[in-house]
Amino acid sequence: MDIDGPAGLTALDERIAGCRRCPRLVAWREEVARTKRAGFADRDYWGRPVPGFGPADARLLIVGLAPAAHGGNRTGRMFTGDRSGDVLYAALHEVGLASQAGAVSVDDGLELYGVRVTSPVHCAPPANRPTPEERDACRPWLVSELELLRPTLRAVVVLGAFGWQATLPVLDAAGWSVPRPRPVFGHGARVTLGGGLRLFGCFHVSQRNTFTGRLTPAMLRDVLRDAAGAAGLPHQRQQ
Ligand code: SF4
């Protein structure tokens, strides 16, 4: 492990949490934190950018889209406190990459084993749709995160087409050359980048995908198992 890695990543996470670069997203995340959802009216919302979650020497990175208004934007941790996170962490737990299936708050004890979870946009956007300008404004944070993870990182799973399109140029900028023409997103897409980094496409764990069966728990587990294998992480094989 790079001795500067953990300190570097912790410092980066703190800087991300203080970012106010996108006026529309700053206004939205703070408005949501003030008005709240009825079921969380008695809770304090985080209402700030949500940094990545997981160890600084991760071998596998999972990239989503952006925090959910009443999930990560409420709890302050990626995919924590919403249905999408329930699906993702349950699958990670089943394949042996997370200490528990549930993710409800920053102090729930959840640990990830060799895996880090992040997103190309760190603030909750209205309707889950960041603008291209907001995506581009947030890009340097992901470049920095990838540069810090570079010594150990061996595989990346991208959840959904937005994350895929946002992440390819970042991987290029962080030093892994992406083939031309750029690989197309699809569930099950697999690409090996220059430098040997393995890239996997997976449908996003959004409720729209999981409630309709477009993404089943078994499909998600299969991608995570394959990516864990490519990353050289110990994991539970299919029973
Ligand atoms: S989306 Fe990214 S760049 Fe924009 S305010 Fe949030 S952390 Fe900063």
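Treat the numbers as computed from the prediction; the structure is a model and nothing was measured.

A. Representation of the packing of aromatic side chains within the structure. Scanning the entire structure with this criterion turns up two aromatic pairs. Ring centres of tryptophan 164 and phenylalanine 185 lie 5.7 Å apart, and the angle between their planes is 65°; this geometry places the pair in the edge-to-face category. In this pair, tryptophan 164 is assigned in helix α6 (residues 161-173) and phenylalanine 185 in the loop between α6 and β4 (190-192), connecting sequence segments 21 residues apart. Both residues of the pair, tryptophan 164 and phenylalanine 185, count as buried. A cation sits over an aromatic face here: arginine 77 above phenylalanine 53, 4.6 Å from the ring centre. Seen from the ring of tryptophan 176, arginine 150 lies directly overhead, with NZ or CZ sitting 4.5 Å from the centre.

B. A look at the pattern of salt bridges. The tally for this structure, following the rule as stated, stands at 14 salt bridges. Where arginine 139 meets aspartate 136, a salt bridge forms, and the shortest distance between an N and an O atom there is 3.3 Å. Of this pair, arginine 139 and aspartate 136 are both found in helix α5 (residues 132-149), three residues apart, which corresponds to roughly one turn of the helix. Overall, the relative accessible area of 37% leaves aspartate 136 in the partly exposed class. Aspartate 172 is paired through a salt bridge with arginine 180; the nearest N and O atoms lie 3.8 Å apart. Judged by relative accessible area, aspartate 172 falls into the partly exposed class, the value being 27%. A cluster of three or more residues bridged by salt bridges with shared partners is formed by Asp13, Arg116 and Glu145.

C. Layout of the site of the ligand. Close to the ligand lie Cys19, Arg21, Cys22, Leu25, Arg29, Pro49, Val121, His122, Cys123, Ala137, Cys138 and Trp141. If one sorts the elements of the shell around the ligand by residue count, α5 sits on top with three residues. The class makeup of the residues in the shell around the ligand is nine nonpolar, one polar and two charged.

D. Structural context of helix α2 (residues 23-35). Across its 13 residues, α2 extends 18 Å between first and last C-alpha, which sits within 8% of the 18 Å expected from 1.5 Å per residue. Leu25, Val26, Arg29, Val32 and Ala33 are the residues of α2 that are buried. Burial along α2 is one-sided: seen end-on, the buried residues are contained in an arc of 140°. Facing away from the buried side of α2, by more than 90 degrees, are the exposed residues Pro23, Arg34 and Thr35. Against α3 (72-75) and α5 lie the buried residues of α2. Of the residues one or two after α2, lysine 36 is the one with positive phi, at around 60°.

Criteria and thresholds
Residues numbered from 1 in each chain as written. Predicted model: local features only at pLDDT ≥ 70, side-chain atom pairs only at ≥ 80, totals over all residues. Heavy atoms only, no water. Phe/Tyr/Trp six-rings, centres within 6.5 Å; stacked < 30°, edge-to-face > 60°. Helix = DSSP H or I, 4+ residues; strand = E, 2+ residues; numbered from the N terminus. Buried < 20%, exposed > 50% of the residue type's maximum accessible area, 1.4 Å probe, protein only. Lys NZ or Arg CZ within 6 Å of the ring centre and 35° of its normal. Salt bridge = Lys/Arg side-chain N within 4 Å of Asp/Glu carboxyl O. Near = heavy atom within 4 Å. Nonpolar A, V, L, I, M, F, W, Y, C, P; charged D, E, K, R; others polar. Expected span 1.5 Å × (residues − 1). Arc of directions from axis to C-beta. Contact = heavy atoms within 4.5 Å.

Keep in mind these numbers describe shape, not what the thing actually does.
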